[in-house]
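Per-entry structural report
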Amino acid sequence: MKASAKAFLGLVLVMLVVMTLFFMMSTLKFETTLTHLVQSRLTVLAESVAAPLEAAMDLGLTLSELSNAEALIMRAKENDNRIDAIDIFNLSGQILFSTIPDRVGQPVDAKVLEIQLLTHNRDWNLSGDAAFSNGIILTDNIGQHVGGVLITYSNIEFLAKVSNLTESL
């Protein structure tokens, strides 16, 4: 085999490796950026639910006494049809209000309580296989945690967008 053929074959192999790395990095960057955008949007939405609830609690009401909570979460869910559920839960993890009536009285996932206890931020998020979960910690007028707002968001369309990018590359 001639030296020029070996050089050409080597060049082709190097180009294949570089193109594969470029493909992987582009896909990962797109997925990371899209994840950040979705989670940021859900954090803003959770904050828009949490702010009026905390204002009412500042007046002396408890979380379970908030009569406007149901209307707040229903209005927030109408903003995006990919939101699976919006739940308001107390400190022990019992769901007090939900856009899915069957969930009221049920406990939230143990991972949700764990992440809420371990986070040092007001907002938190989890990424799962089927959905994103974003939340806000609810506090009373003296700064004590009294519960949280949990938004569960389907990632089916998210995965479809990543798949479309992968196919187009």
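Per-chain numbering applies: the sequence of each chain, read as written, is numbered from 1 onward. Since the coordinates come from a predicted model, pLDDT governs what is reported: local features require at least 70, and pairs of side-chain atoms require 80 or more to be given and counted, while whole-chain, interface and lining totals use all residues. To obtain the side-chain values, all non-hydrogen atoms of the structure were included, while hydrogens and water were left out.

Here we come to the layout of surface pockets. As a volume, the largest pocket reaches approximately 220 Å³. In this analysis, the protein atoms alone were mapped onto a 1 Å grid. Cavities are point sets where a 1.4 Å probe fits without being able to get out; pockets are open sets with protein on both sides within 12 Å along at least five of seven lines; lining residues have an atom within 4 Å of a point. Every residue lining the largest pocket is counted, 15 residues in all, and those nearest its centre are D109, V112, L126, S133 and T152. Where helices and strands are cited, they refer to DSSP runs of H or I of at least four residues and of E of at least two residues respectively, numbered from the N terminus. Put simply, the parts of the chain that give the lining of the largest pocket at least two residues each are β1 (83–90), α3 (110–118), β3 (123–127), β4 (131–139) and β5 (145–154). Three classes are used, and their members are as follows: Ala, Val, Leu, Ile, Met, Phe, Trp, Tyr, Cys and Pro are nonpolar, Asp, Glu, Lys and Arg are charged, and the others, Gly among them, are polar. Partitioned by chemical class, the residues of the lining of the largest pocket number 7 nonpolar, 4 polar and 4 charged. Grid points are joined across faces, edges and corners, and a volume is the space filled by probe spheres set on the points.

Here a Phe, Tyr or Trp ring, Trp counted by its six-membered ring, pairs with any other such ring whose centre lies within 6.5 Å, and the pair is stacked when the planes are under 30 degrees apart, edge-to-face when over 60, and tilted otherwise. For the structure on display, the rule yields 1 aromatic pair. With centroids separated by 6.5 Å and ring planes inclined at 35 degrees, the aromatic side chains of F132 and Y153 adopt a geometry described as tilted. Placement of the pair is F132 in strand β4 and Y153 in strand β5, with a sequence separation of 21 residues. For the pair formed by F132 and Y153, the shared burial category is buried. Between buried and exposed lies partly exposed: a residue is buried under 20% and exposed over 50% of the maximum accessible area for its type, with that area taken using a 1.4 Å probe on protein chains only.

What follows covers a nonpolar patch on the surface. Here the term patch refers to residues with relative accessible area over 30% and no salt bridge, with like charges joined within 9 Å and nonpolar side chains (Val, Leu, Ile, Met, Phe, Trp, Tyr) within 5 Å. For every accessible area listed, the method is Shrake-Rupley and the probe measures 1.4 Å; residues are considered covered only by the protein chains on display. Within this document, salt bridges are pairs made up of a side-chain nitrogen of Lys or Arg and a carboxyl oxygen of Asp or Glu, the two lying within 4 Å of each other. Taken together, the side chains of F8, L9, V12, L13 and L16 present a nonpolar region at the surface, about 490 Å² in accessible area. Here F8 is to be found in helix α1 (residues 3–58).

So, on to the nonpolar core. Core analysis: the biggest nonpolar cluster contains 26 residues, and L53, I88, L138 and V149 have the highest contact counts within it. Every element with two or more residues in this core is listed here: α1, α2 (69–77), β1, β2 (95–98), β4 and β5. Considering every element that reaches this core, the biggest residue donor is α1, with 9 residues. Grouped together as the second largest cluster of nonpolar side chains are 7 residues, I95, V108, I137 and L150 included. As used in this record, nonpolar core signifies buried Ala, Val, Leu, Ile, Met, Phe, Trp, Tyr and Cys residues forming a set joined through side-chain atoms within 4.5 Å.

Here the structure, examined in full by the defined rule, presents 5 salt bridges. For the salt bridge of E47 with R122, the shortest nitrogen-to-oxygen distance reads 3.0 Å. Taken together, the residues E47 in helix α1 and R122 in the loop between α3 and β3 connect sequence positions 75 residues apart. Salt-bridge contacts for R82 lead to D80; the nearest nitrogen and oxygen are separated by 3.1 Å. You can call R82 partly exposed: its relative accessible area is 27%. Each of R41, D80 and R82 takes part in salt bridges that share partners, so that together they form one network.

Structurally, Q116 can be placed in helix α3. Side-chain atoms alone can form a polar contact between residues adjacent in sequence; in general such a contact is a pair of N or O atoms within 3.5 Å, and within protein one must be able to donate a hydrogen while the other accepts it. Of note is the side chain of Q116, whose polar atom sits 3.3 Å from the side chain of W124. Engagement of the side chain of Q116 in a polar contact is seen with the backbone oxygen of G147, the distance being 2.9 Å.

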